[in-house]
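Chain residues, written in single-letter form:
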Amino acid sequence: MSDKPDKRSTFPLPLSSVTGDARKSPAFAPARVAKPQVATPQTATRNAAGNGAQPNGAKAYVPRVAASPSKSHSDALLRAQPLPLVAPRPDMGVSDAIRRAMVARVARQGVKDTVVLGALETVQRHRFIEPALSAQAYIDASLPIGHNQTISRPYIVARMLEVLRNGASLNRVLEIGTGCGYQAAVLSCIAKEVYSVERIRQLHELAKTNLRHLRIVNLRLHYGDGMLGLPQAAPFDGIILAAAGLEVPQALLEQLNVGGRLVAPVGAQVQHLQLITRTGKAEWMSETLEGCHFVPLRPGTV
Ligand code: SAH
């Protein structure tokens, strides 16, 4: 898999080509449309879909109709039943179509969990990225979110959530590294209760701002050192780390339910996803999965 962004000439697209609706917040004021002729919905959809396909025999993801804007975000929650093949509706926003194409690409890359794919289709990734970059929101790349941190590529977000879920429903989940809040929003679609911890105060505030309009009732954001976990909300069925340590902090292992799963990038220059399952009161099982590249897990708060 490649961490390289899609450098096709049609990107970056003007923001207006990926946003399906007028943005209310001045922070999301649409950029000027420089070259509308290259930024058609069709082109953007093709680009979002075309990047990173892998002939790995994964079953094609069949997208569903995007969540109706009138429904609350968490309504889309756990709604991923068998997904009917649908043509884009005439009233579907351009960003919906591009996001569906992104999800189709992630499915081709090997993610099969339809609950995860449905959640990825629900959350508007472009709303979590600064306006200058939001035209790149649906390409297969990590993107800067300030403070030397990045939002992970859609594929890796999906893959980690698939591993975390393992096909079962999740009750209480902890995320370490809220960043801009995107993955937390996706998590809120696949788990009953989500807690997310961020150590950089300004990113914690950014996530709050990004998430406010979604009014996600099952998500709690905390400012603090996630290496200590969140003892007041423990134990968790699932813990997911969005930053790589040399090892998984012991406090997090202790805050897993027996039977619970933790997914984390581990390593420095060379990193791998690690899946740790708590198999008993004092027993954990660890599996090393695919390679990855994450920002470092750091102690303390700033
Ligand atoms: N899930 C995020 C990805 C953010 S990048 C998103 O969707 O945007 C990883 C984040 O982990 C960074 O914001 C970084 O500040 C944070 N982080 C690193 N070490 C941490 C720690 N000990 N506790 C909490 N957050 C931490």
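Looking at an unreviewed UniProt entry, the chain carries the name Protein-L-isoaspartate O-methyltransferase, with the source organism given as Massilia frigida. Looking at the chain in UniProt, the text filed under Subcellular location (unreviewed entry) is "Cytoplasm". Of the comments in the UniProt record for the chain, the one headed Sequence similarities (unreviewed entry) reads "Belongs to the methyltransferase superfamily. L-isoaspartyl/D-aspartyl protein methyltransferase family."

(A) The site of the ligand, seen in detail. The local shell around the ligand holds 26 residues, among which Thr150, Glu198, Asp225, Gly226 and Arg298 are the closest. Contact between the ligand and Glu198: an oxygen atom at 2.6 Å from a side-chain N or O atom of the residue. One of the backbone nitrogen or oxygen atoms of Arg199 is found 3.3 Å away from a nitrogen atom of the ligand. Taking 570 Å² as the accessible area of the ligand by itself, protein coverage stands at 99%. With respect to the pocket detection grid, the ligand is positioned in the largest cavity. Contributing elements (two or more residues each) for the shell around the ligand: strand S2 (149–151), strand S3 (170–176), helix H5 (182–190) and strand S4 (191–198). Within the shell around the ligand, the residues separate by chemical class into 13 nonpolar, eight polar and five charged.

(B) Highlighting the pattern of salt bridges. With the rule as written, the count across this model stands at eight salt bridges. For Arg159, the salt bridge identified is with Glu162, shortest N-O distance 3.0 Å. Here Arg159 pairs with Glu162, and both are found in helix H4 (residues 154–165), just three residues apart, close to one helical turn. The buried category is assigned to Glu162, whose relative accessible area is 14%. Between Lys208 and Glu205 there is a salt bridge, with its nearest N and O atoms 3.6 Å apart.

(C) Quick look at empty space enclosed by the protein. The full count for this structure, using the stated rule, is two cavities of 30 Å³ or more. Taken as a whole, the largest cavity spans an internal volume of roughly 350 Å³. Gly177, Thr178, Gly179, Glu198 and Ala242 are the residues nearest the centre of the largest cavity, which is lined by 30 residues in total. Of all the elements, S2 adds the most residues to the lining of the largest cavity, at three residues. Split into classes, the residues belonging to the lining of the largest cavity amount to 15 nonpolar, 10 polar and five charged.

(D) View of the packing of aromatic side chains. Tallied over the full model, the rule gives two aromatic pairs. Taking 6.0 Å as the distance between ring centres and 65° as the angle between the ring planes, the aromatic pair formed by Tyr195 and Phe236 counts as edge-to-face. Within this pair, whereas Tyr195 is found in strand S4, its partner Phe236 is found in strand S6 (residues 236–241), the two being separated by 41 residues in sequence. Note on Phe236: relative accessible area 0%, which makes it buried.

(E) Local environment of unusual backbone geometry. Residues Ala234 and Pro235 are joined by a peptide bond in cis, for which omega reads 5°. As for its position among the elements, Pro235 is in the loop between strand S5 (219–223) and S6. Despite not being glycine, Asn148 has its phi angle at roughly 60°, a positive value. One can find Asn148 in the loop between strand S1 (143–146) and S2. On the basis of relative accessible area, Asn148 is assigned to the exposed category, the value being 74%.

(F) Quick look at helix H6 (residues 201–212). The end-to-end C-alpha distance of H6, which contains 12 residues, comes to 16 Å, matching closely the 16 Å that a straight helix rising 1.5 Å per residue would cover. Every buried residue of H6 is accounted for by Leu203, His204, Ala207, Asn210 and Leu211. The buried residues of H6 occupy one face: seen down the axis, they fall within an arc of 125°. Residues Gln202 and Arg212 are exposed on H6 and point more than 90 degrees away from its buried face. Residues of H6 that are buried make contact with S1, S2, H5, S4 and S5.

(G) Structural detail: the nonpolar core. Grouped together as the largest cluster of nonpolar side chains are 53 residues, with contacts concentrated most on Leu120, Leu161, Leu164, Tyr182, Leu187 and Ile190. Among the elements that take part in this core, H4 stands out by supplying eight residues, more than any other.

(H) Region of the structure containing the sheet that holds S3. Across the sheet, seven strands lie side by side as S5-S4-S3-S6-S7-S8-S9; this open sheet has mixed pairing. What marks the edges here is a single partner per strand, and that holds for S5 and strand S9 (283–292). For this sheet, the mean inter-axis angle between neighbouring strands, taken without regard to orientation, is 15°. Pairing analysis gives seven bridges linking strand S7 (residues 256–267) to strand S8 (residues 271–280), with the strands arranged antiparallel. Residue pairing across strands places Val266 opposite His272, the latter belonging to S8. Each of S3, S4, S5 and S6 touches H5; the most contacted strand, S4, lies at about 160° to it.

Reading guide: rules and limits
- Residues numbered from 1 in each chain as written.
- Predicted model: local features only at pLDDT ≥ 70, side-chain atom pairs only at ≥ 80, totals over all residues.
- Heavy atoms only, no water.
- UniProt positions renumbered as here; feature names shortened; annotations may be inferred.
- Near = heavy atom within 4 Å.
- Polar contact = N/O pair within 3.5 Å; in protein donor to acceptor, adjacent residues only side chain to side chain.
- Areas by Shrake-Rupley, 256 points an atom, 1.4 Å probe, with all protein chains shown as cover.
- 1 Å grid on protein atoms, 1.4 Å probe; cavity = no way out; pocket = protein on both sides within 12 Å on 5 of 7 lines; lining within 4 Å.
- Sits in = over half its atoms within 2 Å of the grid points.
- Helix = DSSP H or I, 4+ residues; strand = E, 2+ residues; numbered from the N terminus.
- Nonpolar A, V, L, I, M, F, W, Y, C, P; charged D, E, K, R; others polar.
- Salt bridge = Lys/Arg side-chain N within 4 Å of Asp/Glu carboxyl O.
- Buried < 20%, exposed > 50% of the residue type's maximum accessible area, 1.4 Å probe, protein only.
- Points joined across faces, edges and corners; volume = space filled by probe spheres on them.
- Phe/Tyr/Trp six-rings, centres within 6.5 Å; stacked < 30°, edge-to-face > 60°.
- Expected span 1.5 Å × (residues − 1).
- Arc of directions from axis to C-beta.
- Contact = heavy atoms within 4.5 Å.
- Core = buried A, V, L, I, M, F, W, Y, C linked by side-chain atoms within 4.5 Å.
- Pairing = 2+ DSSP bridges.
- Axes fitted to C-alpha atoms, helices over the stretch in contact; angles between N-to-C directions.

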